[in-house]
Amino acid sequence: MMAEQLCDVGRGITLCYETFGEQGEPPMLLIMGLATQMIGWPDQFCEQLAGRGFQVVRFDNRDSGRSTHIPGRPPPLGQLVRRRIDPVLYTLSDMADDALGLMRALEIEPAHVVGASMGGMIAQTLAAEHPEAVSSLVSIMSNTGSRWSGQPALGLYRYLLRAAPSDREGFIDHLDKVYAAIGSRGLPRDRELIREIAARSFDRDHDPAASGRQLGAITASGNRTAALRRITAPTLVIHGTDDRLVRPSGGRATARAIPGAKLLRIEGMGHDLPSAAWPQLIGAISAHAKRVDGLQAGSAKIRAQPGPTT
């Protein structure tokens with residue numbers, strides 16, 4: 001693992017990133033979700049992916065971790081409920097452009113792009129708006145932005161609307177309770193890992209308003225189903241059968257919207273990345289990318305073959 005580095009991706013945005021694996025291997029960009037720093041992709045998860053033969057890059061989205069934080073107040077609850085954001089500070093397209101800027105600065109375009117939750121939305125937007133940049137797409141526990149699919153279970157709103165404490169131990173306990181509510185109930189909990197990531201997250205950055213601004217970007221971007229129909233990258237959609245935050249209908253809608261997409265359901269997985277599911281997750285992600293790389297290599301070989309002589 002290379003130490004954290006900063007990269008100017010343009011438009012006044014600097015992203016903090018880390019890489020795993022050997023330079024020159026097929027690149028894979030990991031995009032994390034709402035209110036979650038890049039370390040939401042656990043170190044061991046990234047190392048295991050890199051061990052499958054990829055150069056893995058993870059990064060803090062804007063308004064997350066050590067990347068640029070955007071000035072401005074998050075939208076009030078009423079605007080989020082009505083889905084009318086004013087002013088719009090930024091959208092998922094802006095966040096996709098951030099990722100594209102990082103890929104170009106690191107010279108890893110095109111790359112296999114993997115996104116989780118809001119990161120899946122950013123990855124989908126990147127594939128729809130910049131198809132040349134995405135070799136393959138994996139969308140995990142995400143949705144299309146439609147209000148008719150992938151909505152949270154009502155019982156979760158008391159966790160989602162509660163502000164996180166400002167002290168370190170209170171913050172760690174709060175995230176522990178949130179993940180107990182939204183995480184996998186059909187698989188063993190990684191409580192120690194969750195608390196470790198929560199502690200590291202608090203130490204790296206603590207901006208209580210940032211998640212509200214990111215949520216505003218999701219809401220302002222609306223229903224993205226029409227955009228998803230333009231995606232040409234080979235796509236794998238992964239969703240847990242026990243996801244109560246983005247319910248499984250969100251994964252089904254995503255797979256239906258993207259032409260040719262395949263849907264993988266992981267039994268018992270909720271809205272998290274439990275280590276018990278890593279063999280399935282890492283196996284599916286790497287197999288999908290390698291299959292695409294193999295097809296592209298085969299096509300290139302065919303194009304390079306000399307034509308018949310006369």
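Owing to the predicted nature of the structure, the values given are computational and were not obtained by experimental measurement.

In this structure, what is going on with the overall build of the chain? I would like to understand it.
When helices and strands are counted, the chain shows 11 helices and eight strands. On the principal axes, the C-alpha backbone points of the chain span a range of 75 × 40 × 40 Å. Within the chain, buried positions represent 53% of all 310 residues. Within the chain, counting contacts between residues at least 6 apart in sequence, those at least 24 apart form 77% of the total. Carbon and sulfur atoms provide 53% of the accessible area of the chain, an area that totals close to 14,100 Å². In the chain, 35 side chains carry a positive charge and 32 a negative one; their mean positions are 10 Å apart.

Can you help me understand unusual backbone geometry in this one?
Excluding glycine, residues mostly carry a negative phi; peptide bonds, for their part, are mostly trans. Residue Pro87 is bonded to the preceding Asp86 through a cis peptide linkage, with omega at 0°. Relative to the helices and strands, Pro87 is located in the loop between helix H2 (77-82) and helix H3 (92-106). Cis geometry is found at the peptide bond from Glu109 to Pro110, where omega equals 0°. Position of Pro110 among the secondary structure elements: in the loop between H3 and strand S5 (111-116). A positive phi angle, close to 60°, is found at Arg83, a residue other than glycine.

I tried to follow the sheet that holds strand S6 (residues 134-140) on my own but got confused; where do I start?
What holds strands together in a sheet is hydrogen bonding between their backbones, with the strands either parallel or antiparallel. Reading across from one edge, S1-S2-S4-S3-S5-S6-S7-S8 is the order of the eight strands in this open sheet, with mixed pairing throughout. Of all strands in the sheet, those bounded by a partner on one side alone are strand S1 (5-10) and strand S8 (262-266). With strand direction ignored, the average angle separating the axes of adjacent strands in the sheet is 25°. Relative to the sheet, helix H1 (residues 43-51) contacts strand S2 (13-20), strand S3 (27-31) and strand S4 (55-59), its axis offset from that of S4 by approximately 155°.

Mind showing me how you'd approach the environment of Glu169 here?
Following the sequence through the fold, Glu169 ends up in helix H6 (residues 168-182). You can call Glu169 partly exposed: its relative accessible area is 44%. Along the primary structure Glu169 and Phe202 are separated by 33 residues, whereas in three dimensions their C-alpha atoms are 9.4 Å apart.

Where do I start with the pattern of salt bridges in this structure?
Pairing between side chains becomes possible if they bear opposite charge and their charged atoms approach one another. Within the structure shown, the criterion is met by 19 salt bridges. For Glu109, the salt bridge is made with Arg104, and the minimal N-O distance between the two is 3.0 Å. Under the relative-accessibility criterion, Glu109 is labelled partly exposed at 30%. Beyond isolated ion pairs, a larger network of salt bridges with shared partners links Asp173, Asp176, Arg189, Arg191 and Arg195.

Looking at this structure, I do not really get the side chain of Arg204. What am I missing?
Note that Arg204 resides in helix H7 (residues 191-204). Here the side chain of Arg204 touches Glu4 through a polar contact of 3.1 Å, side chain to side chain. Non-local contacts of Arg204, meaning those with residues more than four positions away in its chain, are made with Glu4, Cys16, Gln37, Met38, Ile39, Asp60, Gly65 and Arg66.

Even after reading the chapter, I still don't get the pairing of strand S7 (residues 235-240), so can you show me in this structure?
Consecutive side chains of a regular strand alternate in pointing toward one face of the sheet and then the other. Across the six residues of S7, six count as buried, placing the element largely inside the fold. Here S7 shows no split at all, with Thr235, Val237 and His239 on one side and Leu236, Ile238 and Gly240 on the other all buried. Alignment of S6 against S7, held across four bridges, turns out to be parallel. When the sheet's bridge partners are listed, Leu137 is paired in S7 with Thr235. Since S7 and S8 lie parallel, the crossover through helix H10 (residues 249-257) that links them has a hand, and here it is right-handed.

Can you walk me through the pairing of S6 in this structure?
The buried fraction of S6 is high, at seven of seven residues. Where the polypeptide runs from S5 across helix H4 (residues 118-129) and back to S6, its parallel neighbour, the crossover connection is right-handed.

What is the right way to read the layout of surface pockets from this model?
Using a probe with the size of a water molecule, rolled over the atoms, empty space left in the structure can be pinpointed. In this structure, the second largest pocket spans a volume of roughly 200 Å³. Lining the second largest pocket, in full, are Met1, Met2, Gln5, Tyr17, Thr19, Phe20, Gly21, Glu22, Gln23, Gln55 and Leu106. Of all the elements, S2 adds the most residues to the lining of the second largest pocket, at three residues. When the residues that make up the lining of the second largest pocket are grouped by side-chain class, the tally is five nonpolar, five polar and one charged.

What is the right way to look at the environment of Ala199 in this model?
Mapping Ala199 onto the fold places it in helix H7. For the pair Ala199 and Ile172, spaced 27 residues apart in sequence, the C-alpha separation works out to 6.0 Å. Look past the residues within four positions of Ala199 in its chain and what remains in contact with it is Arg168 and Ile172.

Conventions we followed
Residues numbered from 1 in each chain as written. Predicted model: local features only at pLDDT ≥ 70, side-chain atom pairs only at ≥ 80, totals over all residues. Heavy atoms only, no water. Helix = DSSP H or I, 4+ residues; strand = E, 2+ residues; numbered from the N terminus. Buried < 20%, exposed > 50% of the residue type's maximum accessible area, 1.4 Å probe, protein only. Contact = heavy atoms within 4.5 Å. Areas by Shrake-Rupley, 256 points an atom, 1.4 Å probe, with all protein chains shown as cover. Lys, Arg positive; Asp, Glu negative; His and termini not counted. Charge placed at Lys NZ, Arg CZ, Asp CG, Glu CD. Pairing = 2+ DSSP bridges. Axes fitted to C-alpha atoms, helices over the stretch in contact; angles between N-to-C directions. Salt bridge = Lys/Arg side-chain N within 4 Å of Asp/Glu carboxyl O. Polar contact = N/O pair within 3.5 Å; in protein donor to acceptor, adjacent residues only side chain to side chain. Right-handed = clockwise from strand over helix to strand, strands pointing away. 1 Å grid on protein atoms, 1.4 Å probe; cavity = no way out; pocket = protein on both sides within 12 Å on 5 of 7 lines; lining within 4 Å. Points joined across faces, edges and corners; volume = space filled by probe spheres on them. Nonpolar A, V, L, I, M, F, W, Y, C, P; charged D, E, K, R; others polar.

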